[in-house]
Structure formats: C-alpha cells, structure tokens
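Geometric and topological summary
Chain residues, written in single-letter form:
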Amino acid sequence: MTVTLRPATGDDLMAVGALHQRSRVATYSSFLPAEALADPTPEAMGRYWVERWHWERETHRMFVAERAGTLVGFSHLGPDDEDDPATGLLNAIHLDPAEQGRGVGRTLMVDALDAMRARGWRRAALWVLRDNAHARAFYERGGWTQTGDERDEAIGSAQTRQLRYARPL
C-alpha cells in the first residue's frame, strides 16, 4: 500500500500528538531514561499540537502521511528560529515506529523541502538530537550537513544536546 500525504487539519492533531509521543519513546529510549520519556502523555502531546496549531497555522505547515487511511507520520515546518528570512526550519518529522525504513520519512522530507522552495526560502535548517544516530544518518543521506551550532534542551527531566543541520534548497 502506498503512502499519501495531505495537509493536516485540526481534526488530526490529537492523533498527531499520540503518534509523536510513540515516535519519541521508540526512538529516544536507547539514549534517554524512561522517566524522561514518560511525559507528556499522548493526550498531553495532542493538546500541545492543538495549542501550537492555534498560534502557528498561518506561518507553519504540517502534512500528515497516511497508509490505508491510518496516520503513519507527519512533518512540520515554518520560518527559521534564528530569524533568517532566507531559511525555513524543518521542525519535525515523526513516524509511527512500525514505519521506520519504509520510505515514509524520505517522502515527508522531500515534500517538506519542496514546500520550503515554494515559499521562496533558499536554505533549510533543522535541529536533531546529538545522540539520535539514526536520524542524523537519515538527514545526512538527504544532503544535510552540520552547521557547528549546538544547543541544550530538556526532554522531560533529561537535558539533551541538539545539533543544527542545514542544506541548500
């Protein structure tokens, strides 16, 4: 079965939150403690996306990937968080854990890059957890390179180091 992409709607956001939390737990559990991943709950993550959607839907874009009518992934992008008007920021690509290695992430990334080009951005950037070797390899295969910028951010009770990646559009 093929994957189809479509723009997210407000009705998708609770399911996006539940998928986002499943993806985080499955992906980050190899390098973050379980207690750091216990919160937020899938429902709380859904409420987070509902709130974020309320404030960002005019400036950001979310697409969902479906297989046979079931949500299997999503992407979220918007303006650069460092206020570079020539750069778009890929805020997220998350997949249902069962979809890893099936091409959904690549489809979402290609679509996100096309959307950034369509908005007139000439460069794309993203932040990825330093210890997420799988995601880093995925982005590097997609032409992204490290910029040398780093930051720390909390995931639950754990401080994580993030690396900034960028690529031309």
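Everything that follows concerns the structure shown earlier in this document.
Notes on the structure follow.

Calculation rules
- Residues numbered from 1 in each chain as written.
- Predicted model: local features only at pLDDT ≥ 70, side-chain atom pairs only at ≥ 80, totals over all residues.
- Heavy atoms only, no water.
- Helix = DSSP H or I, 4+ residues; strand = E, 2+ residues; numbered from the N terminus.
- Rg over C-alpha atoms; globule rule 2.2 N^0.38 Å.
- Buried < 20%, exposed > 50% of the residue type's maximum accessible area, 1.4 Å probe, protein only.
- Contact = heavy atoms within 4.5 Å.
- Expected span 1.5 Å × (residues − 1).
- Core = buried A, V, L, I, M, F, W, Y, C linked by side-chain atoms within 4.5 Å.
- Salt bridge = Lys/Arg side-chain N within 4 Å of Asp/Glu carboxyl O.
- Pairing = 2+ DSSP bridges.
- Axes fitted to C-alpha atoms, helices over the stretch in contact; angles between N-to-C directions.
- Phe/Tyr/Trp six-rings, centres within 6.5 Å; stacked < 30°, edge-to-face > 60°.

What follows concerns the overall build of the protein. In terms of helices and strands, the protein carries five helices and seven strands. For a compact globule of 169 residues, the expected C-alpha radius of gyration is about 15 Å, and the protein comes in at 15 Å, within 12% of that figure. Oriented by its inertia axes, the alpha-carbon framework of the protein measures out at about 35 × 35 × 30 Å. In the protein, which comprises 169 residues, the proportion classed as buried is 47%. Within the protein, residue pairs in contact and separated by at least 24 positions form 64% of the contacts whose partners lie at least 6 positions apart.

This paragraph deals with helix 1 (residues 13–28). End to end, helix 1 covers 22 Å across 16 residues, agreeing with the expected 22 Å (1.5 Å per residue, within 8%). Those residues of helix 1 lying buried are L13, V16, G17, A18, L19, H20, Q21, S23, R24 and Y28.

This part takes up the nonpolar core. Among the nonpolar cores identified, the biggest contains 23 residues, and L90, Y139 and W144 are the most heavily contacted of them. Considering each element in turn, this core owes the most residues, seven residues, to helix 4 (residues 104–118). Not counting chain neighbours up to four residues away, the residues in contact with L90 comprise H76, L77, A112, M116, A125, L126, Y139 and W144. One finds L13, W49, L71 and A92 within the second-largest nonpolar core, a separate group that totals 11 residues.

As a further point, take the pattern of salt bridges. With the rule as written, the count across this model stands at 16 salt bridges. The salt bridge partner of R6 is D12, with a shortest N-O separation of 2.7 Å. R6 sits in the partly exposed class, given a relative accessible area of 23%. Shared partners join several salt bridges into a network, and the residues in it are D80, D81, E82, R151, E153 and R164.

A few words on the sheet that holds strand 7 (residues 158–168). One open sheet accounts for seven strands, arranged 1-2-3-4-5-7-6; its pairing is mixed. The strands lining the two open edges of the sheet, one partner per strand, are strand 1 (3–7) and strand 6 (145–155). Averaged over all adjacent pairs, the angle separating strand axes in this sheet is 25°, with direction ignored. As paired elements, strand 3 (residues 70–79) and strand 4 (residues 87–95) share seven bridges and run antiparallel to each other. Bridge pairing in strand 4 places H76 opposite A92. On top of the sheet, helix 4 reaches strand 1, strand 2 (61–67), strand 3, strand 4, strand 5 (123–129) and strand 7; it is set at about 160° to strand 4, its chief contact. Of the strands in this sheet, strand 4, strand 5, strand 6 and strand 7 are in contact with helix 5 (residues 133–141), which crosses strand 5 at around 165°.

Locating E43 in the fold gives a position in helix 3 (residues 42–56). As a C-alpha pair, E43 and D114 span 71 residues in sequence and 31 Å in three-dimensional space.

Relative to the helices and strands, D80 is located in the loop between strand 3 and strand 4. If sequence neighbours within four positions are ignored, D80 has contacts with T87, G88, L89, A125 and R164.

Let's shift gears to the environment of R47. Positionally, R47 belongs in helix 3. In the structure, R47 is positioned 34 residues away from L13 in sequence and 7.8 Å away in space, judged by C-alpha atoms.

Aromatic ring pairs are defined here through the distance separating the ring centres and the angle between the ring planes. The tally for this structure, following the rule as stated, stands at five aromatic pairs. The interplanar angle of 45° and the centroid separation of 5.7 Å between the aromatic rings of Y28 and F31 together place this pair among those described as tilted. Take Y28: its relative accessible area is 11%, and that puts it in the buried class. For F31, a relative accessible area of 22% corresponds to the partly exposed category. A centroid spacing of 5.0 Å and a plane angle of 65° characterise the contact between F138 and Y139, whose relative ring orientation is edge-to-face. Each member of the pair, F138 together with Y139, is buried.

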